[in-house]
Amino acid sequence: MNVLDYLKDNIVYLDGGMGTMLQKNGLMPGELPERWNVSHPEVIIDIQRQYYDAGSNIVCTNTFGANSLKFDDEELDIIIKAAVDNAREAASRSCGTQPKFVALDIGPIGKLLKPYGDFEFDDAVDCYAKTVKAGASYGVDLIFIETMNDSYDTKAALLAAKENCELPVFVSNAYGEDGKLMTGASPASMVAMLEGMHADAIGANCSLGPKQLKGVVEEYLEYSSVPVIIKPNAGIPKSVDGITKFDVLPEEFSEDVLEFVNMGVRVAGGCCGTTPDYIKAVVDKTCRLMPKPVTEKNRTLISSYTHAVEFDRLPVIIGERINPTGKKRFKEALRNNEIDYILGEGITQEEKGAHVLDVNVGLPEIDEPAMLSRVCFELQSILDLPLQIDTTDVTAMEAALRHYNGKAMINSVNGKEEVMRAIFPLVKKYGGLVVCLTLDEDGIPDTAEKRVEIAKHIIEVAKSYGIEKKDLIFDTLAMTVSADNRAAIATLDSLKTIKNELGCHTSLGVSNVSFGLPSREIITAAFFTLAMENGLSAAIMNPNSAEMMKSYYSFKALRGLDSNCTEYIENIGKYSAFVGTTTSTTTVEQSAGNTSPAQSELQRAIVKGLKEQAAAITGRLLETDEPLSIVTNHIIPALDIVGKGFEEKTMYLPQLLMSAEASQYAFEQIKKKMSETAAKMESKGKFVIATVRGDIHDIGKNIVKLILENYGFDVCDLGKDVPPEKVVEATTALHAPLVGLSALMTTTVPAMEETIRLLREKAPWAKTVVGGAVLTQEYADSIGADHYAKDAMSTVRYALDVVEKTDYRKNNLICNEV
């Protein structure tokens, strides 16, 4: 029986923790669990048999970290074959009578992808693909991608699975206490992307206990039209006599999972700290329940790397300014590769209230596929708005969709058969909300009835590709009323019919209606209001237009979409001074709405993550200001703004990293100037940092390093999989006052405890900071750490506090390598 067939009418039970069980069976700190498939097959088989005996339907292979970054190709193949054989043997030995399936377990590769890290997206896809191909060739029943804490990395893994096998794919992400992934994605945004790419079941695992994941589960169940997975930890970990233990026992755990199943969860298991006893308790509590049916939610979503935008009652504003049509300066920017100009247009529209940005870079004389991918990539580096990818070039469309972080809008298809044949396969593969123009081989119909007929045909063809109505949004084509005084009526009538009778969302490029008329904004704004009243879901428009934004906020207030008229009151004052005018900006300095002095320009450039502008502005400042005053008065305050936003959850990790990178560009200008004068910047102190022995996941460590360096610390990065002795050696050699240790997996936390113990003995002056997905304050206390850092800024704040209290800056040697 296929696992998806079984899932239709049954609750599916997963296994529990593997690392927890391996530690009980003697896995030593620093050992790679995947090698036990070959060296200790009987141990692996027995653990997996216990899970099947407890009632698990799906048991994952012991391949969480089996990838080509950790093992060479030959060993990787041997490990995966042995892992599959072990799981199959466990199923055959089990006394359980339930249907049994073997899942190829795939965890994160431990690299942060560009633009926030140094690993290419396509290289990540290739890395995951090797694991998928091997697992599929050795006969697994499904792919289980789990513990992913970054949306882009998740997309790479899912894309690799979809491109290299025909098996069902389940995807589970690891959420923090704030209900978001490490890089900021909400559950709704992950539902949008994963469902769009046709994952077969989606949900959450690891990081937290079941109670802490309730909000995440609720959001998944609200939006997901595919089965929802839950695989929590056994509560909060702590160290007892060098052994990692968790604070939620099987009875409490199973009660919590029972609640989730009653809410609608269809796939349940356990993660860190759970054992066969936990799975048995869950099965016993829930096996007699009638599973809740998985229903089509019909929620129309697009997403960025942080959040989803839903097309519902509130009109969505799609900023139109990133488009060369009729814009001489924008064309020059495209020809001259002036990316900062384009980014400035994006920033301006975001600040003016756009929810989505249309991106069109079509010029005959440029390489459109390369430019479109680059502009989308750069915009996503500094902004968290979803994008509408706007091109008639199919090659450019596919390149941009492949590398887009989230679920994009796709502009566009129409009723022409060749266009639908070209675009719909891309939508099926990558996901997306498709703008559908109501025209066909005969052109744009004059009547509303004919436009509706084209819409019906597009719906039928889309369905043949597996694309539902919720992922189609219809543009009924605004035509200029100066040429035909009934043009607007045909547009509005067809819009209303498609929205109310076909049940589809609608979009318009509203400004076309006023072409050729004086004071265009007045009639365009009136048409915009009429369209919203007739059911317009989204408008491609200029959010810098005062008249358009006044119509937008007024309509929301009048239609009961603005509680207490709050948005109207907050925003209308911005536009009261403008009548029939458009505020247009071209640079990040102008987008602030005033002629800011250079000092505020630098802070703004750093906060927005604009690297080239940060460097240029710093260069100008150095003509009049002392280098250190620029650092003290402008760069550090800018970093503090971003750091505070990150701590308050108004900004997310990607923004923190891009701001840090922009500040580095500024620092390079300052270092260059100081080298000319033989001046030196004073270090705040030495900071030794490492990922502990046995752990190759260094994303968190690398983030902390970058932020610390921007705050003036000399960071000695020892890398990953670092033995305790090497950490101590570096700390004593530098007499470093601060040591940072990172671990992702429960199996490697004992190595962290061992490192701290050795530091206490050999370098008692050093303060230890620990962080990682499996750590908590209580756990950090139990292993003797001086500080638990839940994120990068927590590390920075603690380090600054230490150096302020103690004069550690006498020793100013810089460590490049130990």
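From a predicted model like this one, the values you see are computed outputs, not experimental measurements.

> Before we go on, may I ask you to explain the overall build of the chain in this structure?
Tallying secondary structure elements over the chain gives 30 helices and 25 strands in all. A globule of 818 residues ought to have a C-alpha radius of gyration of about 28 Å, and the chain, at 28 Å, matches this closely. Taking the principal axes of the C-alpha coordinates as reference, the chain spans close to 85 × 75 × 50 Å. Classification of the 818 residues of the chain by burial places 61% in the buried group. On the chain, roughly 31000 Å² of surface is accessible, and the fraction owed to carbon and sulfur atoms is 50%. Averaging the locations of the 83 positively and 115 negatively charged side chains of the chain gives two centres separated by 2 Å.

> Looking at this model, I keep getting lost on the environment of methionine 182. Mind explaining?
Structurally, the position occupied by methionine 182 is in the loop between strand E5 (169-173) and helix H8 (187-196). Exposure remark for methionine 182: the relative accessible area of 29% places this residue in the partly exposed category. Discounting chain neighbours no more than four positions away, the residues touching methionine 182 are Leu112, Asn149, Leu653 and Ile699.

> Help me understand the side chain of aspartate 358 in this model?
Within the element layout of this structure, aspartate 358 appears in strand E14 (residues 356-359). Despite its burial, aspartate 358 pairs with no opposite charge; the closest candidate is lysine 327, at 8.0 Å N-O. Apart from the residues lying within four places of it in its own chain, the contact partners of aspartate 358 are Ile318, Gly319, Glu320, Ile322, Asn323, Gln388, Asp390 and Asn411.

> Sorry if this is basic, but what is going on with the sheet that holds strand E6 (residues 201-205) here?
Within a beta sheet, neighbouring strands are joined by backbone hydrogen bonds and run either parallel or antiparallel to one another. Here we have eight strands laid out as an open sheet, ordered E1-E10-E7-E6-E5-E4-E3-E2, and parallel in their pairing. A strand with exactly one partner marks an edge of an open sheet, and here the two such strands are strand E1 (12-13) and strand E2 (58-60). Where E1 and strand E10 (residues 267-268) come together, two bridges link them in parallel fashion. Counted as the bridge partner of tyrosine 13 is alanine 268 from E10. Lying over the sheet, helix H4 (residues 41-54) contacts E2 and strand E3 (101-106), oriented at roughly 160 degrees with respect to E2. Lying over the sheet, helix H7 (residues 151-164) contacts strand E4 (142-148) and E5, oriented at roughly 175 degrees with respect to E4.

> Looking at this model, I keep getting lost on the packing of aromatic side chains. Mind explaining?
Centre-to-centre distance and the angle between the planes together describe a pair of aromatic rings. As enumerated under the stated definition, the model contains nine aromatic pairs in all. Directly above the aromatic system of tyrosine 341 lies the positively charged group of arginine 329, at a separation of 4.4 Å from the ring centroid. Sitting above the plane of the phenylalanine 646 ring, lysine 649 keeps its charged end 5.5 Å from the centroid.

> Quick question: what am I supposed to make of the pairing of strand E15 (residues 387-390) here?
Both faces of E15 are covered, namely the face carrying Leu387 and Ile389 and the face carrying Gln388 and Asp390. Considered for its hand, the β-α-β crossover made up of E14, helix H14 (residues 368-382) and E15 is right-handed. Sheet topology places E15 next to strand E16 (residues 409-414); three bridges connect them, and they run parallel. Bridge pairing in E16 links aspartate 390 to asparagine 411.

> Please clarify how the packing of helix H25 (residues 653-677) against helix H26 (residues 699-710) should be interpreted in this entry.
A pair of packed helices is characterised by two quantities: the angle between their axes and the separation of those axes. At a minimum axis separation of 10 Å, H25 and H26 run at an interaxial angle of 40 degrees. Classified by the interaxial angle, the pair formed by H25 and H26 is oblique. For the element pair H25 and H26, the recorded crossing hand is left-handed. Here Leu653, Leu656, Leu657, Ala660, Ser663, Gln664 and Phe667 of H25 come into contact with H26, specifically with Ile703, Leu706, Ile707, Glu709 and Asn710. In terms of residue class, the contact of H25 with H26 is built from eight nonpolar, three polar and one charged.

> Is there a simple way to explain the nonpolar core in this structure?
Most often, soluble globular proteins keep nonpolar side chains buried together rather than apart. Ile143, Ile145, Phe424 and Ile635 are the most contacted members of the largest nonpolar core, which has 225 residues in total. Here this core takes ten residues from H25, the largest share from any one element. Ignoring anything within four residues of it in the chain, the contact list for isoleucine 143 reads Leu104, Ile106, Val132, Ala161, Cys165, Leu167, Pro168, Val169 and Phe170. Counting residues in hydrophobic clusters, the runner-up holds 30 residues, among them Val722, Ile756, Ala766 and Tyr779.

Rules of the game
Residues numbered from 1 in each chain as written. Predicted model: local features only at pLDDT ≥ 70, side-chain atom pairs only at ≥ 80, totals over all residues. Heavy atoms only, no water. Helix = DSSP H or I, 4+ residues; strand = E, 2+ residues; numbered from the N terminus. Rg over C-alpha atoms; globule rule 2.2 N^0.38 Å. Buried < 20%, exposed > 50% of the residue type's maximum accessible area, 1.4 Å probe, protein only. Areas by Shrake-Rupley, 256 points an atom, 1.4 Å probe, with all protein chains shown as cover. Lys, Arg positive; Asp, Glu negative; His and termini not counted. Charge placed at Lys NZ, Arg CZ, Asp CG, Glu CD. Contact = heavy atoms within 4.5 Å. Salt bridge = Lys/Arg side-chain N within 4 Å of Asp/Glu carboxyl O. Pairing = 2+ DSSP bridges. Axes fitted to C-alpha atoms, helices over the stretch in contact; angles between N-to-C directions. Phe/Tyr/Trp six-rings, centres within 6.5 Å; stacked < 30°, edge-to-face > 60°. Lys NZ or Arg CZ within 6 Å of the ring centre and 35° of its normal. Right-handed = clockwise from strand over helix to strand, strands pointing away. Parallel < 35°, antiparallel > 145°, perpendicular 65-115°, else oblique. Left-handed = near helix turned anticlockwise from the far one by under 90°. Nonpolar A, V, L, I, M, F, W, Y, C, P; charged D, E, K, R; others polar. Core = buried A, V, L, I, M, F, W, Y, C linked by side-chain atoms within 4.5 Å.

Geometric descriptors of this kind do not, in isolation, establish any biological role.
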